[in-house]
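Take a look at the letters that make up each chain.
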Amino acid sequence: AEGAAVIHYFITGQFLWAGWTLGLLVPGCLVQVISFVWFRSDGHHHCFTLSLIHILQLGILKRHVDSLRLALRRKGKGARDEQELVMKQGDLSLLRLMEALLQALPQLLLQTYKYMTQERADVYAVSSTLLCLLSLSWALVSFSHFLCLLRPGHLCLPWASVLCQLLWRMGMIGTRVMALVVFARVHHFWVFAVGGEGG
C-alpha cells in the first residue's frame, strides 16, 4: 500500500508526501538485514538466493512460507519438530514486531496526518492508514501469542479470542494515533516534545 501511495503522490505532484512516505520505508530494510543474518546463523546455504529474497524485501514472507511448510510437515512427528516450529514462529513474530514499530507505525502517523490535513479525502492515504493499523495490531497480537506458547502447559487460543485481541489492539492504537495527530495538527512541531516526554 505504501508503494502505491508513493507512486500516486509522485504522479499527482505531491513530492513532499512522496519523499516522506518513501523515506519512512527505509527503516524496514534493517529488519530484512536482521532476518538475513539470522538465516545465515541458522546454517542456511544458497547465499545468493537468500540475499536476493531479502533485497526484494521478501524475507518475512519467506519465513511465513517456511513456518507453514514445517507446520504441515510436523503432523504425526515428535516434540523436536514442534519445538522447531515454535522457535520459527518466535523469530517471525519478533521480526514482524520490529518491522511494525520501525515502518508501519511511522507510516500510520504520517498517512493519518495527511488524511486529517487535506481538504479532500485521499483513498491512498486512507488505505495505507488502515493497512498499517492492521499490520501493527497483528504484529502485537502475534507476538503476545508467541509469548503464551513459551509458557508451560499453554492453551491454544481459539480464533474468536485472537480476533477480539486484534480488534482491541486496533481500537487502542487507533485512538492514540488520532489523539497524537489531532495534537500535531493544532500545535505543529510541539508534538515532538510530547512524544519525547512520553517516550
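As the structure is a computational prediction, the values presented were derived from the model and not from experiment.

S.K.: Requested: an account of the overall build of the protein, with residues and values cited.
M.R.: Counting its regular elements, the protein contains nine helices and zero strands. Put simply, the protein runs from its N terminus to its C terminus through helices and strands in the order α-α-α-α-α-α-α-α-α. Relative to its full complement of 199 residues, the protein shows a buried share of 32%. Summing over all exposed atoms, the protein offers an accessible surface of approximately 12,500 Å²; the carbon and sulfur share of this is 70%.

S.K.: Would you mind going over helix 2 (residues 15-23) in detail, with residue names and values included?
M.R.: Note: α-helices contain 3.6 residues per turn, so residues at a spacing of three or four share the same orientation. Turning to helix 2, its buried residues are Trp 17, Ala 18 and Thr 21. All buried residues of helix 2 fall inside an arc of 100 degrees around its axis, so they share one side. Projecting away from the buried face of helix 2 at angles above 90 degrees are the exposed residues Phe 15 and Leu 16.

S.K.: I'd like to hear about the nonpolar core, residue by residue, with values.
M.R.: Residues Leu 97, Ala 100, Ala 104, Leu 108, Met 116, Cys 132, Leu 133, Leu 136, Ala 139, Ile 173, Val 177 and Val 181 constitute the largest nonpolar core, which totals 12 residues. For this core, the secondary-structure elements that each account for two or more residues are helix 6 (79-117), helix 7 (123-150) and helix 8 (159-187). Ranked by residues supplied to this core, first place goes to helix 6 with five residues.

S.K.: Which residues make up unusual backbone geometry, and what values go with them?
M.R.: Leaving glycine aside, a negative phi is the common case for residues, and trans is the common case for peptide bonds. Although it is not a glycine, Gln 57 sits at a positive phi angle of roughly 65 degrees. Residue position: Gln 57 is located in the loop between helix 4 (47-55) and helix 5 (59-73). Judged by relative accessible area, which is 36%, Gln 57 ranks as partly exposed.

S.K.: I'd like a description of the pattern of salt bridges, backed by residues and values.
M.R.: Tallied over the entire structure, the rule returns two salt bridges. Note that Lys 62 is salt-bridged to Asp 66, the shortest N-O span being 3.3 Å. A residue pair is termed a helical-turn pair when its members lie 3 or 4 positions apart in one helix, as Lys 62 and Asp 66 do in helix 5 at four residues. For Lys 62, a relative accessible area of 21% puts it in the partly exposed group. Taking the relative accessible area as the measure of exposure, Asp 66 reaches 13% and is therefore buried. Here Arg 96 makes a salt bridge to Glu 99, at a shortest N to O gap of 2.8 Å. Taken together, the positions of Arg 96 and Glu 99, both in helix 6 and three residues apart, correspond to about one turn of that helix. Residue classification places Glu 99 among the buried positions, given a relative accessible area of 18%.

S.K.: Which residues make up helix 7, and what values do they have?
M.R.: With 28 residues, helix 7 should reach 40 Å at 1.5 Å per residue; the first-to-last C-alpha distance of 41 Å fits that figure. By the burial criterion, the buried members of helix 7 are Ala 125, Ser 128, Thr 129, Cys 132, Leu 133, Leu 136, Ser 137, Ala 139, Val 141, Ser 142, Phe 146 and Leu 149.

S.K.: Break down the UniProt feature "transmembrane region" (unreviewed entry) in the protein for me, with residues and values.
M.R.: Here, UniProt's "transmembrane region" (unreviewed entry) annotation points to residues 17-39 and 123-143. Along residues 17-39 the backbone is 83% helical and 0% strand, and the end-to-end C-alpha distance reaches 35 Å. Span residues 123-143 is 100% helix and 0% strand, its end C-alpha atoms 30 Å apart.

S.K.: Tell me about the packing of helix 7 against helix 8, residues and numbers included.
M.R.: Closest axis-to-axis distance for the helix 7/helix 8 pair is 9 Å, and the angle between their directions is 130 degrees. Classified by the interaxial angle, the pair formed by helix 7 and helix 8 is oblique. Seen along the crossing, helix 7 lies across helix 8 with a hand that is right-handed. Facing Leu 133, Leu 134, Leu 136, Ser 137, Trp 138, Leu 140, Val 141 and Ser 144 of helix 7, the residues of helix 8 in contact are Trp 159, Val 162, Gln 165, Leu 166, Arg 169, Met 170, Ile 173 and Gly 174. Of the residues assigned to the contact of helix 7 with helix 8, the class counts are 11 nonpolar, four polar and one charged.

Rules of the game
Residues numbered from 1 in each chain as written. Predicted model: local features only at pLDDT ≥ 70, side-chain atom pairs only at ≥ 80, totals over all residues. Heavy atoms only, no water. Helix = DSSP H or I, 4+ residues; strand = E, 2+ residues; numbered from the N terminus. Buried < 20%, exposed > 50% of the residue type's maximum accessible area, 1.4 Å probe, protein only. Areas by Shrake-Rupley, 256 points an atom, 1.4 Å probe, with all protein chains shown as cover. Arc of directions from axis to C-beta. Core = buried A, V, L, I, M, F, W, Y, C linked by side-chain atoms within 4.5 Å. Salt bridge = Lys/Arg side-chain N within 4 Å of Asp/Glu carboxyl O. Expected span 1.5 Å × (residues − 1). UniProt positions renumbered as here; feature names shortened; annotations may be inferred. Axes fitted to C-alpha atoms, helices over the stretch in contact; angles between N-to-C directions. Parallel < 35°, antiparallel > 145°, perpendicular 65-115°, else oblique. Left-handed = near helix turned anticlockwise from the far one by under 90°. Contact = heavy atoms within 4.5 Å. Nonpolar A, V, L, I, M, F, W, Y, C, P; charged D, E, K, R; others polar.

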